[in-house]
Amino acid sequence: MASERDYDVIIIGTGAGGGTLAHALAPSGQRILLIERGDFLPREKENWDTNAVFVQGRYKSHETWRDRDGKPFSPSIHYWVGGNTKFYGAALVRFREQDFGEVRHHGGLSPAWPITYADLEPYYTRAEHLYQVHGERGADPTEPPASAPYRFPAVSHEPRVQHLYDDLKQMGLHPFHLPVGIMLDEANPHRSRCIRCDTCDGFACLVQAKADAHVIAVEPALTYPNVEIVTRAFARRIETSPSGREATGVVVERDGAVETYRAGIVVAACGAINTAALLLRSAGERHPNGLANRSGVVGRHYMCHNNSALVALSREPNPTRFQKTLGLNDFYWGTDDWEYPLGHISMLGKSKAEMFKGDAPFFTPGLALEQMARHALDLWLTTEDLPDPDNRVTLDRDGTIRLSYRENNNESHRRLIAKLKGLLSHLGCEEHVHHQSVYLGKKIPLAGTAHQCGTVRMGHDPATSALDPNCRAHEVDNLYVVDSSCFVSSTSLNPALTIMANALRVGDHLLERLGVSIPTPVAVPAD
Ligand SMILES: Cc1cc2nc3c(=O)[nH]c(=O)nc-3n(C[C@H](O)[C@H](O)[C@H](O)COP(=O)(O)OP(=O)(O)OC[C@H]3O[C@@H](n4cnc5c(N)ncnc54)[C@H](O)[C@@H]3O)c2cc1C
Ligand code: SF4
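Residues numbered from 1 in each chain as written. Chains lettered and ligands numbered in written order. Predicted model: local features only at pLDDT ≥ 70, side-chain atom pairs only at ≥ 80, totals over all residues. Heavy atoms only, no water.

### Overview of the overall build of the chain
Regarding its fold elements, the chain presents 11 helices and 19 strands. At 22 Å, the chain has a C-alpha radius of gyration in line with the 24 Å of a compact globule built from 527 residues. Principal-axis analysis of the C-alpha atoms gives the chain an extent of 70 × 55 × 45 Å. The burial tally for the chain puts 62% of its 527 residues in the buried class. A separation threshold of at least 6 residues defines the contact pool for the chain, and within that pool the share at least 24 residues apart is 74%. Element-wise, carbon and sulfur atoms account for 50% of the exposed surface of the chain, whose accessible area totals about 19800 Å². Counting 54 positive and 63 negative side-chain charges, the chain places the averaged centre of each group 4 Å from the other. (Helix = DSSP H or I, 4+ residues; strand = E, 2+ residues; numbered from the N terminus. Rg over C-alpha atoms; globule rule 2.2 N^0.38 Å. Buried < 20%, exposed > 50% of the residue type's maximum accessible area, 1.4 Å probe, protein only. Contact = heavy atoms within 4.5 Å. Areas by Shrake-Rupley, 256 points an atom, 1.4 Å probe, with all protein chains shown as cover. Lys, Arg positive; Asp, Glu negative; His and termini not counted. Charge placed at Lys NZ, Arg CZ, Asp CG, Glu CD.)

Next comes the structure, spelled out in C-alpha cells:
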C-alpha cells in the first residue's frame, strides 16, 4: 500500500543531528515530518538495569552487519527516538579551533574543514545552552574561545575523582571539569530532575534527566502543530525527479507497508553509517553509484576514533556514582617527547561487575569481578583516526551493510595509553587496558560504532566531497545531511556537541532558504 503526503521538510532520523534540526525548525510554521526507524524508548526499570542493558543488550539493535572480510558482527547501535543520544554519556565538548584546519599526525594528515571554528562558534554556544551543558570555562588549556559562559555550573567531583583531580594537579597537569549535559541542580537537590545515579553513561535515563535529543529537542518540537513524527518507519530510499536534481520524497517501510512521503526539502540524519547506506540504496538512473555520489565519496572516509577504555585498579575503593566529571587534554597536541597530537582523556561512567563479564578472562587474573568493580577507576582515551578512503560503508548484494575498516594513527594512541599508565602508576593504580572499549562490552572492536563519522563529507569541491559547506548535496538541490556523516575529520573529541551545533547552523541556512525568520535564541547565562 502506498500513501502520499506533502511536507515542507522531511528529516530522517531523530538523534543528535535530526532531533536538533527539528527543534530549530519547529517554530517556523513549516510542515515538518520526522521519519524514525525506532520507537519511543519504553520507560521501565530495565532502563537502569546493568544486566538488561549490558549483558542482554535489551535496547541495542539486533541487526547483523559484515566486516571487510564478510564476517558478520553485531554493531553497538541504538534505534530509538533520540538516536544514540538516549544512551550517550552526554560529555558535550567543542572541537578545538585548530581541528578545523589541516593537522599533521604521526599517521598522516587530517584535512581541513570547509568551515572554520568561528563559523560554528555561535552555534556551539546555542547547543550548549539548549542541551543544558554544565561546565566551567578557563581550566582546559586547549579550550577554544567561547562567546558566552556555560549556563550551568560544572558537575562536582565525588571524593575519589576529586582525589585523582588533586593528584593530577600536583603533578603540574591541568585536569578540568568535563562539560556534561545532565539536568543536575546540586544547589537544590530536592528540585533536581537528575538524581546523580550510577547508571548514566551507556544507559537511558529513566527519569528523563539526561539532555538527550529526544527529551531536549524532539519532544518540544512535537508540541508544535506543524511538526509530526512517524516511528517504526525505516527509510528505504530517497526518490528524485526525472532530472535527478531534486529529491521528491522518501519511501518508507512501516509495519509491513510501504509508504511514500513527499517534501520540498529532504534531510538525512540517520547517523554516519546509515545515512551512507540510505544514499547508496537510493541509486537510480541519474545517480547510478548512489544518490549524490558522482564523486564516489559516499560511504568512504569512515572514522570512529581510536578509543580505549582503561580500568585502573586503585588500592583505594571507588564508591563514585556519577564518575564522568573529569577531563585531561594536556597531551591533546603532543608531549615534550612526541611532536604529534596524542588525544583526549576523560572519565567513563562507573563500571559494574556485570560489564566486565564478556572480558573476564582478560581482566581477571585471580580477581573477583565484584571486587574489581569496587576498586576500578574507569578512564576513556581518544586519539584521532584519519579519513582513509578505503575505510568505508558499502552494501552487500543482499542489502546488508558492510563496514570495512583498518585502524590508523595507532602509534599516537599507544603513546597516549602509555602516558596515562605512567601517570597512574604514580598514584597507586594498576592498569588494565583493553583496546576499543570495555563499557560497550563488545569483543569485536569494529562493533563499537559510537563515534562513527565522515562518510558523506562536506567540502568546496564536488569532485572530492558529497556536500557543500551548508551540508547540501552538491548534485541534489534540496537534499541535506546533518548528522556526523558530514565531518571531514574525527578530531580526538566526543562528536555529539559538534553534530548538534552544526545542525543548528544548517537550520539557520534552511530558515533563510525557506524565507522564514524566527527570533534567534539569545545566549544568556543562567540566573
Ligand atoms: C554508549 C554511548 C555513549 C556515548 N557517549 C557520548 C558522549 O559522552 N559524548 C558524545 O559527544 N558522544 C557520545 N556518544 C556518541 C553520540 O551518541 C553520537 O555521536 C550521536 O548520537 C550521533 O548523532 P547522529 O545524529 O549522527 O546519529 P544518531 O544519534 O545515531 O541518530 C540517528 C537516528 O537515525 C535513525 N535511523 C537510522 N537509519 C534510519 C533509517 N533508514 N530510517 C529512519 N531512521 C533511521 C536512528 O534510529 C537514530 O534515531 C555515545 C554513543 C554511545 C552509543
Ligand atoms: S545521572 Fe542523572 S541524568 Fe544520568 S541517568 Fe542518573 S538521573 Fe539520569
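### Digging into the packing of helix α1 (residues 16-25) against helix α11 (residues 496-514)
The packing of two helices is summarised by the inter-axis angle and the distance between the axes. Relative orientation of the contacting elements α1 and α11 amounts to 40°, with a least axis distance of 8 Å. Put simply, α1 runs oblique to α11. The crossing of α1 and α11 is right-handed. For the pair α1 and α11, the contacting residues are A16, G17, T20, L21, A24 and L25 in the first and A496, I499, M500, A503, L504, V506, G507, L510 and L511 in the second. For the contact of α1 with α11, the per-class residue count stands at 12 nonpolar, three polar and no charged. (Axes fitted to C-alpha atoms, helices over the stretch in contact; angles between N-to-C directions. Parallel < 35°, antiparallel > 145°, perpendicular 65-115°, else oblique. Left-handed = near helix turned anticlockwise from the far one by under 90°. Nonpolar A, V, L, I, M, F, W, Y, C, P; charged D, E, K, R; others polar.)

### Overview of the side chain of E475
Within the element layout of this structure, E475 appears in the loop between β18 (429-435) and β19 (479-481). No salt bridge is formed by the buried E475, whose closest oppositely charged neighbour, R294, lies at an N-O distance of 4.4 Å. Looking at E475, its side chain comes within polar contact range of the main-chain nitrogen of R294, at 3.0 Å. In contact with E475, not counting residues within four places along its chain, are G244, R245, H287, A292, N293, R294 and S295. (Salt bridge = Lys/Arg side-chain N within 4 Å of Asp/Glu carboxyl O. Polar contact = N/O pair within 3.5 Å; in protein donor to acceptor, adjacent residues only side chain to side chain.)

### Comments concerning the pattern of salt bridges
Under the definition given, this model contains 29 salt bridges. R104 is the salt-bridge partner of E339, the closest N and O atoms lying 3.3 Å from each other. On the criterion of sequence distance, the pair formed by E339 in the loop between β13 (326-328) and β14 (344-347) and R104 in strand β5 (residues 103-105) is long-range, its members being 235 residues apart. For the pair formed by E339 and R104, the shared burial category is exposed. Among the ionic pairs, E128 bridges to R137, the shortest N-O distance being 2.7 Å. Three or more residues joined by partner-sharing salt bridges are found here, namely R66, D396, D398 and R402.

### Comments concerning the nonpolar core
Ranked by internal contacts, the top residues of the largest apolar core, which has 116 residues, are I35 and Y131. In terms of residues, this core owes the most to one element, α11, which gives 10 residues. Sequence-distant contacts of Y131, defined by excluding residues within four places in its chain, comprise A16, T20, Y88, L92, G181, A211, D212, A213, I216, A217 and M500. L310, L326, L416 and L427 belong to the second-largest nonpolar core, a separate cluster that totals 25 residues. (Core = buried A, V, L, I, M, F, W, Y, C linked by side-chain atoms within 4.5 Å.)

### Here's the deal with the sheet that holds strand β17 (residues 401-404)
Paired through backbone hydrogen bonds, the strands of a sheet run either parallel or antiparallel to each other. Taken in spatial order, the four strands of this open sheet run β4-β3-β17-β16, and their pairing is mixed. Two strands close off the open sheet at either side, each with one partner strand: β4 (72-73) and β16 (392-395). In the packing of helix α6 (residues 272-281) onto the sheet, contacts are made with β3 (65-67), β16 and β17, and the angle to β16 comes to roughly 40°. (Pairing = 2+ DSSP bridges.)

### Brief notes about the environment of R31
With respect to the helices and strands, R31 occurs in the loop between α1 and β2 (32-35). On the accessibility criterion, R31 (43% relative accessible area) is partly exposed. Spatially, the C-alpha atom of R31 lies 5.1 Å from that of D8, the residues being 23 residues apart in sequence. When residues no more than four places from it in sequence are discounted, the contact partners of R31 are D6, Y7, D8, V9 and N226.

### Structural notes on the site of ligand 1
Not every one of the 41 residues close to ligand 1 is listed here, only the nearest: G17, E36, N84, G89 and A496. W80 places a main-chain nitrogen or oxygen 3.0 Å from an oxygen atom of ligand 1. One of the backbone nitrogen or oxygen atoms of A269 is found 3.5 Å away from an oxygen atom of ligand 1. Compared with its free state, where it exposes 1000 Å², ligand 1 has 98% of that area covered by protein. Contributing elements (two or more residues each) for the shell around ligand 1: α1, β9 (233-240), α6 and α11. Among the elements that take part in the shell around ligand 1, β9 stands out by supplying three residues, more than any other. Partitioning the shell around ligand 1 into residue classes produces 20 nonpolar, 15 polar and six charged. (Near = heavy atom within 4 Å.)

### A look at the confidence of the model for the chain
Summing up the model confidence of the chain, the mean pLDDT is 92 and the portion of residues at 70 or higher is 92%. pLDDT under 50 marks residues 435-444. Its contacts with residues more than four places away, or in other chains, come to 35 contacts. Low pLDDT, under 50, characterises residues 522-527; the stretch is placed with nine contacts to residues that sit more than four places away or in other chains. (pLDDT = per-residue confidence, 0-100.)

### Thoughts on the packing of aromatic side chains
Summed over all chains, the structure comprises 14 aromatic pairs. Here the aromatic rings of W338 and Y340 are separated by 5.4 Å at their centres, their planes lie at 65°, and the arrangement is edge-to-face. You can call W338 buried: its relative accessible area is 11%. A residue is classified by how much of its surface remains accessible, and Y340, at 15% relative accessible area, is buried. Members of the aromatic cluster, connected to one another through ring pairs, are F95, F100, W113, Y117, Y124 and F487. For the cation-ring pair, R37 lies above Y79, with the distance from its terminal atom to the ring centre recorded as 3.8 Å. The lysine or arginine in question, R137, covers the ring of Y150, its NZ or CZ lying 3.9 Å from the ring centre. (Phe/Tyr/Trp six-rings, centres within 6.5 Å; stacked < 30°, edge-to-face > 60°. Lys NZ or Arg CZ within 6 Å of the ring centre and 35° of its normal.)

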